[in-house]
Amino acid sequence: MTICSVVGARPQFVKAAVVSHALRSRGVREYLLHTGQHYDDDMSAVFFDELGIPAPERNLGIGSGSHADQTARMMMALEIAFLDLRPERVLVYGDTNSTLAAALVAAKMHIPVDHVEAGLRSFNRRMPEEVNRIVTDRLSEFCFCPTQTAVEHLASEGRTEGVHLTGDVMLDATRVFAERAALRRPLISLTRHEAGSFALATVHRAENTDHPGRLSAIFDAFGSLDMPVLLPLHPRTRTRLADVDIPDNVEVMAPVSYLAMLTLTAGAACVLTDSGGLQKEALWLGTRCITLRDETEWTETTQGGWNQVVGADRKAIAAAVERVPAGLVPVFGAGSTDETPSEHISRLVAGSD
Ligand code: UD1
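None of the values given here were measured: they were computed from a predicted structure.

What counts, and where the lines are drawn
- Residues numbered from 1 in each chain as written.
- Predicted model: local features only at pLDDT ≥ 70, side-chain atom pairs only at ≥ 80, totals over all residues.
- Heavy atoms only, no water.
- Pairing = 2+ DSSP bridges.
- Helix = DSSP H or I, 4+ residues; strand = E, 2+ residues; numbered from the N terminus.
- Axes fitted to C-alpha atoms, helices over the stretch in contact; angles between N-to-C directions.
- Contact = heavy atoms within 4.5 Å.
- 1 Å grid on protein atoms, 1.4 Å probe; cavity = no way out; pocket = protein on both sides within 12 Å on 5 of 7 lines; lining within 4 Å.
- Points joined across faces, edges and corners; volume = space filled by probe spheres on them.
- Nonpolar A, V, L, I, M, F, W, Y, C, P; charged D, E, K, R; others polar.
- Near = heavy atom within 4 Å.
- Polar contact = N/O pair within 3.5 Å; in protein donor to acceptor, adjacent residues only side chain to side chain.
- Areas by Shrake-Rupley, 256 points an atom, 1.4 Å probe, with all protein chains shown as cover.
- Domains from an automatic or database assignment.

Colleague: In this structure, what is going on with the sheet that holds strand E12 (residues 288-291)? I would like to understand it.
Modeller: The sheet built from six strands is open, its strands ordered E10-E9-E8-E11-E12-E13 with parallel pairing. Strand pairing shows two members of the sheet lacking a second neighbour, strand E10 (250-253) and strand E13 (307-309), which therefore form its edges. Shown here is a sheet whose adjacent strand axes are inclined to one another by a mean of 20°, direction ignored. Alignment of strand E8 (residues 199-202) against strand E9 (residues 229-232), held across two bridges, turns out to be parallel. Bridge assignment links Ala199 to a residue of E9, and that residue is Val229. Contacts from helix H11 (residues 258-267) reach E8, E9, E10 and strand E11 (270-273), with the element oriented near 135° to E8.

Written out as structure tokens, the structure reads:
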């Protein structure tokens, strides 16, 4: 079995770190293709080095662009790569433009596509990611779902064949790398603040960065908090900083590596984010989350108030930080069998010839 796994953006590197390992342990010949969607060292190379991800077979060097421009250039380069490498299957992750480009090219070349993190829905088609998910699921032969909710979304769209509840590969990654993070990236090496005395924030979604009113409200809310707010900043958001006042308690940092992010997340009093993956990682590491979006795909996280979805409203954000949940942090995404999610996926991919 020869497969091409296509990655391009930060969260995909983390998912590929655990799935590639499982695939290669089963003897699958995997070519990892990096579209180059993320290209700065601190957005890409650091993940490969730190997580021991096999070097990509090719980096297509696509870089940034409008949605159509970026996706089209990825498609042209992927077509050439698939013609050369002749994979029997193509594996795609998540919901980025790299995911969509690879799924479209493979489907047109009659190469079966398998989708890791299938079935997620925000029901907001103004998000580019929602469009990418819907099309990719539709084109995929295997839909590997992280949660039962995701399976149900596909069923409600009439899709049951090829749908597998595998659990969440991000939970695998958190489990595999949290211990390494504690050793290699201790809190003291990352910040002068003590565990539990700071908030950790990330903001990068177009729905927040491209609307100055929303971005200002988010920064105002950070400024109203009674603790330091560490903000590792995505380059997209950095270009928007001229639109906002940065409050004194906000510490803007360069993007941090995955291990550093795990340490900061585990040490934070709470996480404020518009990321998808960080909502889950926070909970798995025992930290509550406040989501700076109007909806979440990860509805399991909201149980017991551990993740509060509050949008970009200043007062709602500040009130959510005050509201500390009682009870146990929900753990979800472990899948339905004794296998880890990555082992489950690699068994199905390897066994499909
Ligand atoms: C992409 C995904 C998003 C995912 C995120 C993870 C899409 C539509 N969006 O968003 O779902 O949550 O990755 O981080 O695919 N830039 C740099 N250096 C880089 C990469 C980007 O400076 O290495 C800047 C460029 O100005 C670029 C902008 O960030 O235009 C946005 O990058 P892009 O890859 O288009 O989308 P993300 O916002 O990263």
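Colleague: Honestly, the layout of surface pockets in this entry has me stumped. Any pointers?
Modeller: In this approach the atoms are scanned with a rolling probe the size of a water molecule, which exposes any empty space left behind. Here the second largest pocket is characterised by a volume of approximately 310 Å³. Residue lining of the second largest pocket: 18 residues in total, with Val18, His21, Asp172, Val176 and Ser342 positioned closest to the centre. Listed by contribution, the elements that provide at least two residues to the lining of the second largest pocket are helix H1 (10-25), helix H7 (169-184) and helix H14 (341-350). Grouping the amino acids of the lining of the second largest pocket by side-chain chemistry returns ten nonpolar, four polar and four charged.

Colleague: Any chance you could explain the site of the ligand here in plain terms?
Modeller: As a structural note, the neighbourhood of the ligand is formed by 19 residues, with His38, Tyr39, Asn97, Glu129 and His234 the closest of them. Backbone polar atom of Asn97 to an oxygen atom of the ligand: 2.8 Å apart, as the coordinates give it. Contacts to the ligand include Arg236, whose side-chain N or O atom sits 2.9 Å from an oxygen atom. Relative to its free-state accessible area of 740 Å², the ligand is covered by the protein chains to the extent of 85%. When contributions to the shell around the ligand are tallied by element, the ones reaching two or more residues are H1, helix H3 (67-85) and helix H10 (235-238). A class-by-class count of the residues in the shell around the ligand yields five nonpolar, nine polar and five charged. Looking at which domains feed residues into the shell around the ligand, each of domain 1 (2-168 + 335-350) and domain 2 (183-322) supplies at least three.

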